[in-house]
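An overview of the molecular structure
Residues per chain, in single letters:
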Amino acid sequence: MKKLIVFTDLDGTLLDHYDYSWQDAKPALDQLQHHNCPIIINSSKTRSEIEWLRNAMGNTDPFIVENGSAVFIPDQYFAAQSGDLTIKRFGPPREEILEILARLRAEYNYEFIGFNDMSADQVAEVTGLNLEDAAKAKERDATEPLLWNDTEIRLHAFISRLEASGYSVVSGGRFYHVMGTVSKADSIAWLMNAYQNQYPDHELLSVGLGDSNNDVPMLEAVDIPVLVAGVHGKKIHVKRNELIRTTALGPKGWNQAMQELIAEYL
Ligand SMILES: [Mg+2]
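Throughout this description, residue numbers start from 1 for each chain and increase along the sequence as written. Only residues with pLDDT of at least 70 get local features here, since the model is predicted, and only at 80 or more are side-chain atom pairs given and counted; chain-wide, interface and lining totals rely on the full set of residues. To obtain the side-chain values, all non-hydrogen atoms of the structure were included, while hydrogens and water were left out.

Let's talk about the coordination of the magnesium ion
Only nitrogen, oxygen and sulfur atoms qualify as donors, provided they sit within 2.8 Å of the metal or within 3.2 Å for Na, K and Ca; with water excluded from the atoms, sites may seem incomplete. Those donors, Asp9 (OD), Asp11 (O) and Asp211 (OD), are the protein atoms that reach the magnesium ion, and they lie 2.2 Å from it. Within one chain, the residues donating to the magnesium ion are spaced in sequence as D-x1-D-x199-D. Of this pair, Asp11 sits in the loop between strand S1 (2-8) and helix H1 (26-34) while Asp211 sits in the loop between strand S10 (203-210) and helix H8 (216-221), and the two are 200 residues apart along the sequence. The buried category is assigned to Asp211, whose relative accessible area is 5%. Numbering of helices and strands runs from the N terminus, with a helix taken as a DSSP run of H or I at least four residues long and a strand as a DSSP run of E at least two residues long. Burial here depends on accessible area, computed with a 1.4 Å probe over protein chains only, as a share of the maximum for the residue type. Under 20% is buried, over 50% is exposed, and the range in between is partly exposed.

Here's what the structure looks like:
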């Protein structure tokens, strides 16, 4: 028996770039649910941002937050697990990130402003989120996004100093995300192992769907990588021969590719 374990990015992949709707992916989502295949959200978003969405979608599977920094597993989801919603971390907690940022700022007078330095109003202003979503984006577990207000040369030195201390910096549009040395791939191996223990008689196939550079580690880690066409039009380089590229954008492409995979494998 085969089972697809689906890992998916949100913005521009499962969610439409403009209106954040997943309605175009609904047929494939329903089919996956019918086949009892888990759909694991794997996003740069925070726990409270993702929790809201997965409740709205009726999703009850584990989810990966903040670019692979941690997995949240619902109570009793895996047979071997007990207790409340479990967090499995793959990098340091945010307090540790804030500490090193404060230290670097004190020592070198770097000019930057992070979400922790901003009120929810300010986060709303710089991100374009509404106030409620900005508050959710401020509740972080493992990463700190910041706006760089200093020179390019000092930015390079800042990043080198963070990397030398075991942290990484991911550029995501306007913001630089400071985090541990983790990627969207780390948590996939861990979850696949948990699923294999849960379903010892199944042949598991991991599917990954993403549209951007920060999805590349995920696309390189899964059995079946799907690069969803994005409105950004950027060339995304994935070192995989068997990469599936959708022609339709976002959730439409998601739906197309997943329906074909379901027909092929289930
Ligand atoms: Mg995306």
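Overview of the layout of surface pockets
Empty space left among the atoms is revealed by rolling a probe the size of a water molecule over them. Note on definitions: the grid is 1 Å and covers protein atoms alone; a cavity is a set of points where a 1.4 Å probe fits but cannot get out; a pocket is an open set with protein on both sides within 12 Å along at least five of seven lines; lining residues have an atom within 4 Å of a point. Grid points are joined across faces, edges and corners, and a volume is the space filled by probe spheres set on the points. Here the second largest pocket defines a volume of roughly 380 Å³. Forming the boundary of the second largest pocket are 19 residues, of which Gln33, Gly58, Asn59, Thr60 and Asp61 lie nearest the centre. Where the lining of the second largest pocket is concerned, the elements lending two or more residues are H1, helix H2 (47-57) and helix H7 (186-198). Sorting elements by how many residues they give to the lining of the second largest pocket places H1 first, with four residues. Taken together, the residues of the lining of the second largest pocket break down into ten nonpolar, six polar and three charged. The residue classification treats Ala, Val, Leu, Ile, Met, Phe, Trp, Tyr, Cys and Pro as nonpolar and Asp, Glu, Lys and Arg as charged. All others, Gly included, are polar.

Regarding the domain arrangement of the protein chain
Along its sequence, the protein chain is carved into domain 1 (2-90 + 183-265) and domain 2 (94-180). The domain boundaries here were taken from an automatic or database domain assignment. The straight-line distance from the C-alpha centre of domain 1 to that of domain 2 is 26 Å. The contact rule is simple, with two residues in contact once any of their heavy atoms fall within 4.5 Å. Contact with domain 1, which involves eleven residues of that partner, is made by nine residues of domain 2. Between domain 1 and domain 2, the buried area comes to about 1,000 Å², and carbon and sulfur atoms account for 49% of it. Once two parts are joined, some of their accessible surface, as seen by a 1.4 Å probe, is lost; buried area is that loss totalled over both. The largest per-residue losses of area from domain 1 upon contact with domain 2 belong to Ser48, Glu49 and Glu66, which jointly make up 39% of the total buried on that side. Any carboxyl oxygen of Asp or Glu within 4 Å of a side-chain nitrogen of Lys or Arg constitutes a salt bridge here. Linking domain 1 with domain 2 are one salt bridge.

A short note on the sheet that holds strand S11 (residues 224-229)
Pairing between two strands is assigned when DSSP locates at least 2 bridges connecting them. On the basis of which strands lie adjacent, the open sheet formed by eight strands has the order S5-S4-S3-S2-S1-S10-S11-S12 and mixed pairing. In the strand order of this sheet, the two ends are held by strand S5 (86-89) and strand S12 (244-249), each with one partner. Averaged over all adjacent pairs, the angle separating strand axes in this sheet is 20 degrees, with direction ignored. Sheet topology places S10 next to S11; four bridges connect them, and they run parallel. Bridge assignment links Gly208 to a residue of S11, and that residue is Pro225. Helix axes use the C-alpha atoms of the stretch in contact, all axes being lines fitted to C-alpha atoms, and the angles between their N-to-C directions lie in the range 0 to 180 degrees. Sitting on the sheet, H2 touches strand S2 (39-42), strand S3 (63-65) and strand S4 (70-73), and the angle it makes with S3 is about 150 degrees.

Section: H1
For H1, the set of buried residues is Ala28, Leu29 and Leu32. The arc enclosing the buried residues of H1, seen along the axis, measures out at 105 degrees, which places them on a common side. Exposed and oriented more than 90 degrees from the buried face of H1 are Gln33 and His34. Taken together, the buried residues of H1 touch S1, S2, H2 and helix H9 (250-265). In the segment just after H1, Asn36 is the residue with positive phi, at about 60 degrees. When we speak of the arc, we mean the arc of directions from the helix axis to the C-beta atoms.

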